[in-house]
Amino acid sequence: HGHALADGPAILRTLQNLAKDLGDPIAINLTGNAFCETRSALIKAGIQGKTLNNRLGYLKALFNELHRLGDIDYPNPLANVRPLRLQERPISFLSTCQIAELLDALDDRTTSPGIGLIARVCLSTGARWGEAQALTPERVRNGMVTFANTKSKRTRSIPIDKALEKALHLYFKRHGLFTNCMLTFSRVLEKTSIKLPAGQATHVLRHTFASHFVMRGGNILTLQKILGH
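**Considerations on a nonpolar patch on the surface**
Right, so step 1: There is a patch of nonpolar side chains on the surface, built from Val-214, Ile-220 and Leu-221 and spanning about 290 Å² of accessible area.
Right, so step 2: As for its position among the elements, Leu-221 is in helix H10 (residues 220-227).

Rendered as structure tokens:
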């Protein structure tokens, strides 16, 4: 039933692994209690709560979609299973001095010529790293960048300054599209004086944009639209 998975192969693999953890049950025989017992065992095995909540969300969505399509005629067995309550992690953002230090370190990484530019797009627009990394020349025009295939499934356009627009087109002309350099970003970050809570790495750029936007008097509803929330 891969047609029920809007987010593609990655979620399909996640569901396959989850089915294995659950003992590969017949779908109609799956119960909320069985899921919760398996979840408890996975927590003890060290699986993160956020990962388990994601799996629950995917599996609920799968049953809902199959029911909508008429492939099953019984209720979602996980409808009443609640996600785990997680301790919120502190959200960090970079100061002006830290931004300068990070960009200098990224620009010095000559083996990844586009990494500093991707970071600048994130800092200028609040984009997720993957959104900025996926930009193409056609999505950079008229003082705007357009992000497609986003997490929210919406296309959004954000204004940028002329210098950044020019730098993006110059990069595309010289090097082509951006390559995946998220891991390189994390390695460069580790060598700076910047210390962040676990798991924030590239996402700190998005937090930084949002924090500085508000501190400069930006409207919170406008920020919501810019971030695609």
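**Description of the pairing of strand E3 (residues 156-159)**
Right, so step 1: With burial as the criterion, only one face of E3 is covered, namely that bearing Arg-156 and Ile-158; the residues Ser-157 and Pro-159 on the opposite face remain uncovered.
Right, so step 2: Summarising the sheet, strand E2 (residues 144-147) and E3 pair through 4 bridges and their orientation is antiparallel. For Val-145, the partnering residue across the bridge sits in E3 and is Ile-158.

**Let's talk about the packing of aromatic side chains**
Right, so step 1: What the rule picks out here adds up to 6 aromatic pairs.
Right, so step 2: Between Tyr-171 and Phe-172 the ring centres are 6.2 Å apart and the planes differ by 75°, which places this aromatic pair in the edge-to-face class. Each of the two residues, Tyr-171 as well as Phe-172, counts as buried.
Right, so step 3: Clustering of aromatic rings is evident, with ring pairs tying together Tyr-171, Phe-172 and Phe-178.

**Looking at the state of the cysteines**
Right, so step 1: Applying the stated rule across the entire model yields 0 disulfides.
Right, so step 2: Free of any disulfide, Cys-122 has its nearest cysteine sulfur in Cys-181, 9.7 Å distant.
Right, so step 3: Judged by relative accessible area, which is 0%, Cys-122 ranks as buried.

**Overview of the packing of helix H4 (residues 96-107) against helix H5 (residues 115-125)**
Right, so step 1: Contact geometry of H4 with H5 gives a least axis separation of 8 Å together with a crossing angle of 150°. With respect to H5, the element H4 is oriented roughly antiparallel. Residue-level contacts link Ile-99, Leu-103, Leu-106 and Asp-107 of H4 to Ile-115, Gly-116, Ala-119, Arg-120 and Leu-123 of H5.
Right, so step 2: Considering only residue class, the contact of H4 with H5 consists of 6 nonpolar, 1 polar and 2 charged.

Thresholds, definitions, all that
- Once a new chain begins, its residue numbering starts again from 1 and follows that chain's sequence as written.
- Residues qualify for local features only when their pLDDT is at least 70, as the model is predicted, and side-chain atom pairs are given and counted only at 80 or more; totals for whole chains, interfaces and linings, by contrast, use all residues.
- Side-chain measures were taken over the full set of non-hydrogen atoms in the model, leaving aside hydrogen atoms and water.
- Residues qualify for a patch when their relative accessible area is over 30% and they have no salt bridge, like charges being joined within 9 Å and the nonpolar side chains of Val, Leu, Ile, Met, Phe, Trp and Tyr within 5 Å.
- The Shrake-Rupley method, run with a 1.4 Å probe, gives the accessible areas here. Residue values count only the displayed protein chains as cover.
- Basic side-chain nitrogens of Lys or Arg form a salt bridge, by our definition, when they fall within 4 Å of a carboxyl oxygen of Asp or Glu.
- The numbering of helices and of strands both runs from the N terminus, where a helix is a DSSP run of H or I of at least 4 residues and a strand a run of E of at least 2.
- Burial status follows relative accessibility: with a 1.4 Å probe on protein chains alone, a residue under 20% of its type maximum counts as buried, one over 50% as exposed, and anything between as partly exposed.
- Any two strands between which DSSP finds at least two bridges are classified as paired.
- Side-chain rings of Phe, Tyr and Trp, where Trp is taken by its six-membered ring, are said to pair if the distance between their centres is within 6.5 Å; with planes under 30 degrees apart they count as stacked, over 60 as edge-to-face, and otherwise as tilted.
- For the purposes of this analysis, a disulfide is any pair of cysteine sulfur atoms at a distance within 2.5 Å.
- Axis lines are fitted to C-alpha atoms, over the contacting stretch for helices. Their N-to-C directions set the angle, which ranges from 0 to 180 degrees.
- When an angle is under 35 degrees it counts as roughly parallel; over 145 it counts as roughly antiparallel; between 65 and 115 it counts as roughly perpendicular; any other value is oblique.
- Here, residues are in contact when the closest pair of their heavy atoms is within 4.5 Å.
- Classification used: nonpolar for Ala, Val, Leu, Ile, Met, Phe, Trp, Tyr, Cys and Pro, charged for Asp, Glu, Lys and Arg, polar for all others including Gly.

Nothing here speaks to function; it is geometry throughout.
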